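Summary of the model geometry
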There are 2 protein chains.
Amino acid sequence: MFKVNENYLKLPGSYLFSTIGKKVAAYTAAHPEKEIIRLGIGDVTQPLAPAIIEAMHKAVDEMACKETFKGYAPDLGYEFLRSAIAKNDYQDRGCDIAADEIFVSDGAKCDCSNIQEIFSADCRIAVCDPVYPVYVDSNVMAGRAGEYNTVTEMFSNVIYMPCTEGNNFSPEFPKENPDLIYLCYPNNPTGATITKDELQGWVDYANKIGAVILYDAAYEAYISEADVPHSIYECEGARTCAIEMRSFSKNAGFTGVRLGFTVVPKELKDADGVALHGLWARRHGTKYNGAPYIIQKAGEAVYSEAGKAQLKEQVAYYMNNAKVIYDGLKEAGFSVSGGVNAPYIWLKTPGNMTSWEFFDHLLEDVNVVGTPGSGFGPSGEGYFRLTAFGTYENTVKAVERMKTLL
Amino acid sequence: MFKVNENYLKLPGSYLFSTIGKKVAAYTAAHPEKEIIRLGIGDVTQPLAPAIIEAMHKAVDEMACKETFKGYAPDLGYEFLRSAIAKNDYQDRGCDIAADEIFVSDGAKCDCSNIQEIFSADCRIAVCDPVYPVYVDSNVMAGRAGEYNTVTEMFSNVIYMPCTEGNNFSPEFPKENPDLIYLCYPNNPTGATITKDELQGWVDYANKIGAVILYDAAYEAYISEADVPHSIYECEGARTCAIEMRSFSKNAGFTGVRLGFTVVPKELKDADGVALHGLWARRHGTKYNGAPYIIQKAGEAVYSEAGKAQLKEQVAYYMNNAKVIYDGLKEAGFSVSGGVNAPYIWLKTPGNMTSWEFFDHLLEDVNVVGTPGSGFGPSGEGYFRLTAFGTYENTVKAVERMKTLL
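This one's a predicted model, so the numbers in the text were calculated from it and none came from an experiment. (Residues numbered from 1 in each chain as written. Chains lettered and ligands numbered in written order. Predicted model: local features only at pLDDT ≥ 70, side-chain atom pairs only at ≥ 80, totals over all residues. Heavy atoms only, no water.)

Description of the interface of chain A and chain B
Quoted interface sizes are often the accessible area lost when the parts come together. Across the boundary between the two partners, chain A contributes 84 residues, which contact 85 residues of chain B. Note on chain A versus chain B: buried area summed over both sides is about 7000 Å², and carbon and sulfur give 61% of it. Our count for the chain A to chain B interface comes out at 4 salt bridges. Counting the contacts that link chain A with chain B gives 35 residue pairs in polar contact (both at pLDDT 80 or more). Sorting elements by how many residues they give to the side of chain A that touches chain B places helix α7 (residues 276–287) of chain A first, with 8 residues. Residues of the side of chain A that touches chain B, tallied by class, amount to 40 nonpolar, 24 polar and 20 charged. (Contact = heavy atoms within 4.5 Å. Buried area = accessible area lost by both parts, 1.4 Å probe. Salt bridge = Lys/Arg side-chain N within 4 Å of Asp/Glu carboxyl O. Polar contact = N/O pair within 3.5 Å; in protein donor to acceptor, adjacent residues only side chain to side chain. Helix = DSSP H or I, 4+ residues; strand = E, 2+ residues; numbered from the N terminus. Nonpolar A, V, L, I, M, F, W, Y, C, P; charged D, E, K, R; others polar.)

So, the sheet that holds strand β7 (residues 180–184) of chain A
All names here are of chain A. In spatial order, the strands read β2-β10-β9-β8-β7-β3-β6; together these 7 strands make up an open sheet with mixed pairing. The open sheet is flanked by β2 (102–105) and β6 (158–162), the only strands paired with a single partner. For this sheet, the mean angle separating the axes of adjacent strands, direction not counted, is 20°. By the bridge criterion, 4 bridges tie strand β8 (residues 212–216) to strand β9 (residues 242–247) in an arrangement that is parallel. Considered in β9, the bridge of Leu214 is made with Ile243. (Pairing = 2+ DSSP bridges. Axes fitted to C-alpha atoms, helices over the stretch in contact; angles between N-to-C directions.)

Quick look at empty space enclosed by the protein
Under the defined criterion, the tally for this structure stands at 5 cavities of 30 Å³ or more. Estimated volume of the largest cavity: approximately 190 Å³. At the level of elements, α4 (108–114) and α7 of chain A together with α4 (108–114) and α7 (276–287) of chain B are the ones that each hand at least two residues to the lining of the largest cavity. Tallied by class, residues from the lining of the largest cavity come to 6 nonpolar, 6 polar and 8 charged. Each pocket or cavity is described by its volume, and for the second largest cavity that value is around 60 Å³. If you go around the second largest cavity, the residues you meet are Asp89(A), Ala217(A), Ala218(A), Glu220(A), Ala221(A), Arg246(A), Ser247(A), Phe248(A), Asn251(A), Phe261(A) and Tyr303(A). (1 Å grid on protein atoms, 1.4 Å probe; cavity = no way out; pocket = protein on both sides within 12 Å on 5 of 7 lines; lining within 4 Å. Points joined across faces, edges and corners; volume = space filled by probe spheres on them.)

Details of helix α3 (residues 79–90) of chain A
Three or four residues apart is the spacing at which side chains of an α-helix point the same way, because the helix has 3.6 residues per turn. All names here are of chain A. The first and last C-alpha atoms of α3 sit 16 Å apart over 12 residues, in line with the 16 Å expected at 1.5 Å per residue. Among the residues of α3, Leu81, Arg82, Ala84, Ile85, Ala86, Asn88, Asp89 and Tyr90 are the ones counted as buried. Where α3 is buried, its residues contact β2, β9, β10 (260–263), α8 (293–302) and α9 (305–332). (Expected span 1.5 Å × (residues − 1). Buried < 20%, exposed > 50% of the residue type's maximum accessible area, 1.4 Å probe, protein only.)

Description of the nonpolar core
Membership of the largest hydrophobic core comes to 216 residues, with the highest contact counts inside it found for Ile52(A) and Ile52(B). Among all residues touching Ile52(B), those that are not within four sequence positions of it are Ala252(B), Phe254(B), Ala298(B), Ala301(B), Val302(B) and Leu311(B). Counting residues in hydrophobic clusters, the runner-up holds 74 residues, among them Met141(A), Val131(B), Val212(B) and Val264(B). (Core = buried A, V, L, I, M, F, W, Y, C linked by side-chain atoms within 4.5 Å.)

Some remarks on the relation of the copies chain A and chain B
Mapping chain A onto chain B calls for a screw motion: a turn of 180° about the axis and a shift of 0.0 Å along it, with 0.0 Å RMSD after fitting. The transformation just described matches what one would write down for a two-fold rotation axis. Minimal C-alpha distance to the rotation axis in chain A is attained by His57(A), lying at 3.1 Å. (Least-squares fit on C-alpha atoms with pLDDT ≥ 70 in both.)

Let's talk about the sheet that holds strand β2 (residues 102–105) of chain B
Residues and elements named next belong to chain B. Ordered in space as β2-β10-β9-β8-β7-β3-β6, the 7 strands form an open sheet in which the pairing is mixed. Looking at strand neighbours, the two that pair on one side only are β2 and β6 (158–162), the edges of this open sheet. When strand polarity is set aside, the average angle formed by the axes of neighbouring strands in this sheet is 20°. Seen against the sheet, helix α5 (residues 133–141) touches β3 (125–129), β7 (180–184) and β8 (212–216) and runs at an angle of roughly 145° to β3.

Digging into the packing of aromatic side chains
A full pass over the atoms with the stated rule returns 52 aromatic pairs over all chains. Centre to centre, the rings of Tyr344(A) and Phe389(A) are 6.3 Å apart; their planes meet at 85°, and the pair counts as edge-to-face. With a gap of 45 residues between them, Tyr344(A) in strand β12 (residues 344–348) and Phe389(A) in the loop between β15 (383–387) and α11 (392–403) connect regions that are remote in the sequence. Look at Tyr344(A) and you get buried, because its relative accessible area is 1%. With 5.4 Å between their ring centres and 5° between their planes, Trp346(B) and Tyr383(B) make a pair best called stacked. You can see Trp346(B) sitting in strand β12 (residues 344–348) and its partner Tyr383(B) sitting in strand β15 (residues 383–387), a full 37 residues away along the chain. Here Trp346(B) falls in the buried class, since its relative accessible area comes to 1%. Using a relative accessible area of 9% as the deciding quantity, one classes Tyr383(B) as buried. Members of the aromatic cluster, connected to one another through ring pairs, are Tyr90(A), Tyr233(A), Phe248(A), Phe254(A), Phe261(A) and Tyr303(A). One cation-aromatic arrangement involves Lys297(A) over Phe80(A); the distance from NZ or CZ to the ring centre is 4.4 Å. In this arrangement the basic side chain of Lys70(B) is found over the ring face of Tyr293(B), its NZ or CZ atom lying 4.8 Å from the centre. (Phe/Tyr/Trp six-rings, centres within 6.5 Å; stacked < 30°, edge-to-face > 60°. Lys NZ or Arg CZ within 6 Å of the ring centre and 35° of its normal.)

Now the structure itself:
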């Protein structure tokens with residue numbers, strides 16, 4: 001008789017944001033009169049920019065007409081979008097990335113979770129701790145993580161790189177050599193960043209030990225400081241050791257539109273000389289069928305002059321929220337970090353509360369929803385994530401409410 | 001140093017439709033003056049129906065407005081779409097399927113290739129031969145298929161169920177017991193169908209041996225005969241042994257829009273009592289981020305009264321093409337089958353040509369593109385697939401051209 005993939009049974013509890021959703025739903029059901037402010041899940045609230053709306057309407061009209069109707073998209077994305085990405089996100093920044101090294105997808109979450117599939121089951125992964133749960137969970141499902149220890153809350157075969165106040169939320173090279181290194185900058189959940197020199201250090205390290213860096217740059221648009229790299233390909237040697245994943249969710253508000261991409265340079269080869277570019281292309285061709293034409297046209301509009309100007313404003317709106325949270329909570333006496341080059345504020349829970357205790361406290365006492373740091377890994381315990389993606393009005397209100405907690 | 005997933009290296013050649021694409025591109029480059037008619041890949045040519053276009057414009061406008069903007073979709077699909085599917089595709093046909101057993105996705109190709117992931121690596125799969133390549137290739141990538149034999153063109157650990165003229169393109173129960181049985185009706189590539197009694201036989205067989213049937217019903221809308229089941233859940237006992245996958249690509253022309261769904265009944269459990277419903281939900285929650293709101297609204301419009309009427313016409317248009325091909329080629333002396341409950345015509349290559357020989361012959365001599373039967377498996381050798389998804393004018397022209405071949 002058939003059996004299930006037993007690796008799935010090793011996953012502890014449910015996906016973090018599902019748990020939060022259930023808790024909030026239960027509270028709302030019991031207190032329907034309360035006005036909840038959600039700064040938990042990193043979901044945007046501003047409507048799509050006019051240039052994007054216009055492009056989508058136009059694309060919908062094309063689908064209505066025999067002469068301009070589009071069937072299956074090219075497996076790896078339309079040329080118009082791949083070229084716009086290569087030019088704007090890479091070549092204009094001096095990064096040597098060609099259009100045919102861009103793989104368009106329905107979002108960075110899918111790419112982040114699927115990318116492990118092209119690697120050997122024996123590869124050891126290293127992740128920051130705390131970390132976006134998808135990196136670890138997708139490897140658990142693939143049988144690469146080992147066994148879960150309920151005391152340490154760690155998997156036996158995963159190399160954890162703690163990011164704490166002690167190291168300024170910046171991981172050190174691990175003691176054991178990993179094969180795959182997940183890095184996310186600007187960081188989710190801590191909002192920390194990395195300088196170009198520091199990132200160059202990781203690239204050199206990866207090339208030296210023969211590891212691949214899986215670089216999640218979903219929050220790139222929020223970088224405000226000059227010394228922070230927008231892409232790992234700004235570093236020398238990254239073409240032989242790095243895959244970069246990007247999203248349109250946060251720079252263009254596409255969380256409900258779904259568009260992202262992954263960059264796989266052609267030089268990136270394993271110990272036997274097998275190129276990852278061809279493997280990822282094969283995965284796309286076999287297990288994916290392209291992003292919708294309408295959505296890819298929306299993506300193209302992100303790079304138009306009008307789109308760029310409108311989205312700069314949108315990002316500024318959220319970054320102002322980040323400043324409101326950061327300044328307000330700091331002034332109130334909270335210990336906060338992040339929020340300068342990232343839409344996330346990372347705060348220490350007051351009074352030695354655990355992350356989930358603080359979550360309940362915040363939800364029940366002032367009706368604000370955030371994300372418990374421990375949900376991102378054991379080193380996140382005692383921390384809490386707030387996002388800047390609310391409306392300005394709600395953000396101000398949430399901060400005022402939180403001030404009453406101290 | 002890191003290594004790749006070596007299972008990928010076991011895949012023979014490239015994905016079938018990529019190979020065809022390259023051959024056609026090379027021919028077109030060499031003969032730019034020739035007018036090629038494409039009846040190869042199953043891609044639609046009719047524009048989206050007006051009801052769908054209207055729904056999409058409306059949804060785009062909602063995304064433009066703060067009050068109606070939608071961020072992340074619910075992991076498993078919007079309630080409005082899941083309910084419409086459950087009602088129209090199942091409950092109205094007397095099938096006991098609830099809305100929360102519907103998992104909305106970006107297409108049946110993704111679901112068909114991802115579904116194997118929730119099963120043990122030890123599960124043995126059985127497939128029809130010829131077969132949609134994605135079923136086998138996704139299992140090869142997961143290491144479940146064994147080794148490829150270049151002589152037999154079969155994988156050592158896959159149970160092949162030949163579908164030939166001899167058994168009227170209807171597979172027999174395999175001699176060895178499989179754990180996962182892929183069935184596709186109406187069938188791609190042969191266009192064959194199954195009666196309700198025959199399908200009940202498969203359900204009984206699966207329940208008896210403890211196997212799961214992965215039932216691909218992507219072409220359900222093309223069923224024209226009364227005795228052909230539209231869903232496997234029309235059979236008694238299917239809730240304990242069957243997963244059904246459906247697509248909007250062929251009933252609504254969504255090949256470039258991307259929408260599909262998978263049904264996982266809650267009773268479906270493995271040898272240890274683990275429910276597949278929860279596992280598939282966990283996969284969706286961890287490795288997928290929902291279909292775009294705009295696309296799900298388009299899906300909802302498929303079930304509106306206007307949408308239903310418009311799509312009935314669209315399907316009739318393609319089925320008329322199928323009749324043109326079937327009747328025309330039969331009259332010309334070809335041996336043909338399919339085309340009555342499916343948009344595919346399966347023909348025997350004339351003069352003992354191999355499938356690829358006939359492909360080249362057809363491309364070079366009359367500039368018509370089809371799909372070589374051998375691309376779907378060894379028992380497809382000597383056969384050829386034509387699709388009804390072209391325009392009427394091109395379909396008539398292609399048949400006229402093909403008549404000159406005999």
